[in-house]
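# Overview (structure and organization)
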Amino acid sequence: PSDIRCIVKTRQGMSEYRVADLSVSGALLTGGPRLRDRCPLIVLLRVPFYPEVRVPARVVRVGTDEDGNPALGIEFVHRSDVTEDHIQAALLSELERSRPDGCISDIWHA
């Protein structure tokens, strides 16, 4: 139940999107204008209670969500491990925050 958002900068301007399915390699963006396939972007991820993460990206899929609104699949273009590490930390922070007990269960079983 997270409200992750981002600002997307293109040569044409800036727009805000909702972020779904965030991973270290990319995300699904909804709630903003349609962009063209392969469009280069600068994404400013805004994860609640975590510093903003700035990462270059590109559109890899253009489609619609279940309501027929534009949805964009984006791929992050990491220039170093730093942005990957920040996104991973932000994801872990969100997982911990979403748990009522504040802990992430061990998913490995012996």
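Just so it is clear, the model here is predicted, and its values are computed rather than measured.

### As for the pattern of salt bridges
- Counted by the stated rule, this structure contains three salt bridges.
- A salt bridge links Asp-3 to Arg-5; the nearest nitrogen and oxygen atoms lie 3.2 Å apart.
- According to the relative accessible area criterion, Asp-3 is partly exposed, its value standing at 45%.
- Here Arg-58 and Glu-75 are joined by a salt bridge, their closest N and O atoms 2.9 Å apart. Remark: Glu-75 occurs in strand β6 (residues 70-76) and Arg-58 occurs in strand β5 (residues 53-64); sequence separation between them is 17 residues.
- Using a relative accessible area of 28% as the deciding quantity, one classes Arg-58 as partly exposed.
- For Glu-75, a relative accessible area of 30% translates into the label partly exposed.

### Regarding the sheet that holds β5
- Taken in spatial order, the six strands of this closed barrel run β1-β2-β3-β6-β5-β4, and their pairing is antiparallel. Between one strand and the next, the sheet's axes are offset by a mean angle of 45°, whatever the strand orientation.
- Here helix α1 (residues 81-98) sits on the sheet and contacts β4 (40-46), β5 and β6; the angle it forms with β5, its principal contact strand, is near 75°.

### Considerations on the pairing of β4
- Pairing analysis gives five bridges linking strand β1 (residues 5-10) to β4, with the strands arranged antiparallel. Within the sheet, the bridge partner assigned to Val-8 lies in β4 and is Val-43.
- Bridge count between β4 and β5: six bridges; the pairing is antiparallel. When the sheet's bridge partners are listed, Leu-45 is paired in β5 with Val-53.
- What sits between β4 and β5 in their antiparallel hairpin is a turn of six residues, with Phe-49 showing a positive phi close to 65°.

Reading guide: rules and limits
- Residues numbered from 1 in each chain as written.
- Predicted model: local features only at pLDDT ≥ 70, side-chain atom pairs only at ≥ 80, totals over all residues.
- Heavy atoms only, no water.
- Salt bridge = Lys/Arg side-chain N within 4 Å of Asp/Glu carboxyl O.
- Buried < 20%, exposed > 50% of the residue type's maximum accessible area, 1.4 Å probe, protein only.
- Helix = DSSP H or I, 4+ residues; strand = E, 2+ residues; numbered from the N terminus.
- Pairing = 2+ DSSP bridges.
- Axes fitted to C-alpha atoms, helices over the stretch in contact; angles between N-to-C directions.
- Contact = heavy atoms within 4.5 Å.

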